[in-house]
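Here is what each chain is made of, one letter per residue.
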Amino acid sequence: MIHRLSKVIADFLLHKNIIPETEIDVYIYGYETVILGIIDFFIVLAVGFIFNKIITMLIFFAMFISVRLYTGGYHANTVLKCKVVFVLICISLVFLSEFKFPYYLYILMMLLYVITSFFLAPIENYNKPLTSEEQMKYRRISIAMSIFCSIADVFSYFFAIKICTTITVTAFFITLLMIIGEYGKGGKINEQ
């Protein structure tokens, strides 16, 4: 359905001579990505409203989407699987964000996140292969983002424990998706 809607939009723009025919597939992919991003945002808002955790969910969404863009990781082979996994991660985050863990667990989790980013990122998706230049760029950005998030996490422990826990749990899910993407069922081919 999303592919069909994206195709309709791209065909409309093609017929209006706004886009060239040679690039129609690129536009279809782009519209699919935008539509799926909008769906993800509404999932985050819905979970946030249902559980009265809007700020928690917005922090999660900002970190999860921006970091996963560069780290890569597990990708489901259907939109339905993708959205089910995303909803489960959102709901898990809501419940896990209520806990206050010992300080050393925050540090260990963020260290695992940085180490995983250092050794695994970026993890390619078969739908979006990266050039060697992109791999190096994404790797540097992934490592820099993991270090930045870790520093923010460690300092926020002392004045905003809920934000700290949200960052830590989000980093946990990003780490888990990188590991699954690299070694698990998703593997290098990410469920072709």
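Residues numbered from 1 in each chain as written. Predicted model: local features only at pLDDT ≥ 70, side-chain atom pairs only at ≥ 80, totals over all residues. Heavy atoms only, no water.

With that settled, the discussion passes to the overall build of the protein chain. The secondary structure content of the protein chain amounts to seven helices and zero strands. Against the compact-globule benchmark of 16 Å for 192 residues, the protein chain has a radius of gyration of 18 Å, which places it among compact chains. In terms of principal-axis extent, the alpha carbons of the protein chain reach across some 60 × 40 × 30 Å. In the protein chain, which comprises 192 residues, the proportion classed as buried is 41%. A sequence separation of at least 24 residues applies to 74% of the contacts in the protein chain between residues at least 6 apart. A total accessible area of about 11,100 Å² is found for the protein chain, and carbon and sulfur atoms account for 73% of it. The centroid of the 15 positive side-chain charges in the protein chain is displaced by 8 Å from the centroid of its 13 negative side-chain charges. (Helix = DSSP H or I, 4+ residues; strand = E, 2+ residues; numbered from the N terminus. Rg over C-alpha atoms; globule rule 2.2 N^0.38 Å. Buried < 20%, exposed > 50% of the residue type's maximum accessible area, 1.4 Å probe, protein only. Contact = heavy atoms within 4.5 Å. Areas by Shrake-Rupley, 256 points an atom, 1.4 Å probe, with all protein chains shown as cover. Lys, Arg positive; Asp, Glu negative; His and termini not counted. Charge placed at Lys NZ, Arg CZ, Asp CG, Glu CD.)

Another aspect to go through is the pattern of salt bridges. If you walk through the whole model with that rule in mind, you get four salt bridges. In this structure, K7 engages D11 in a salt bridge whose closest nitrogen and oxygen atoms are separated by 3.4 Å. Of the two residues, K7 and D11 both sit in helix α1 (residues 2-15), four residues apart, roughly one turn of that helix. Assessed through its relative accessible area of 36%, K7 is described here as partly exposed. Taking the shortest distance from any N to any O, the salt bridge between D40 and K83 comes out at 2.5 Å. You can see D40 sitting in helix α2 (residues 24-50) and its partner K83 sitting in helix α4 (residues 79-96), a full 43 residues away along the chain. A single burial state applies to D40 and to K83, both of which are buried. Among the ionic contacts, a cluster of salt bridges with common partners joins K53, E98 and K162. (Salt bridge = Lys/Arg side-chain N within 4 Å of Asp/Glu carboxyl O.)

Now for α2. If you check α2, its first and last C-alpha atoms are 39 Å apart, about what 27 residues at 1.5 Å a residue would give, namely 39 Å. In this fold, the buried residues of α2 make contact with α1, α3 (54-71) and α4. Positive backbone phi, at 55°, marks N52, one or two positions downstream of α2. (Expected span 1.5 Å × (residues − 1).)

Turning our attention to the confidence of the model for the protein chain. Of all residues in the protein chain, 95% have pLDDT values of 70 or greater, and the mean over the chain is 89. Every residue in residues 186-192 is under pLDDT 50, and counting partners more than four places away or in other chains gives 26 contacts. (pLDDT = per-residue confidence, 0-100.)

Turning next to the nonpolar core. The biggest cluster of nonpolar side chains holds 29 residues, and the ones touching the most others in it are M57, F60, M63, F86, C90 and Y113. Sorting the residues of this core by element identifies α2, α3, α4, α5 (103-120), α6 (132-156) and α7 (161-183) as the ones contributing at least two each. Ranked by residue count, the leading element in this core is α7, at seven residues. With near-sequence residues (within four places) excluded, F60 lies in contact with V44, F86, I89, C90, L93, T166 and T170. In this structure, A10, L13, I19 and I28 belong to the second largest nonpolar core, which totals six residues. (Core = buried A, V, L, I, M, F, W, Y, C linked by side-chain atoms within 4.5 Å.)

Attention now goes to the packing of aromatic side chains. This model, assessed by the stated rule, comprises 16 aromatic pairs. For the pair Y27 and Y31, a centre-to-centre distance of 6.5 Å together with 35° between the ring planes defines the contact as tilted. Within this pair, Y27 and its partner Y31 are both found in helix α2, separated by four residues, close to a single helical turn. Among the residues examined, Y31 registers a relative accessible area of 25% and is labelled partly exposed. With centroids separated by 5.6 Å and ring planes inclined at 55°, the aromatic side chains of F41 and F61 adopt a geometry described as tilted. Here F41, found in helix α2, pairs with F61, found in helix α3; they are 20 residues apart in sequence, far enough to count as distant. (Phe/Tyr/Trp six-rings, centres within 6.5 Å; stacked < 30°, edge-to-face > 60°.)

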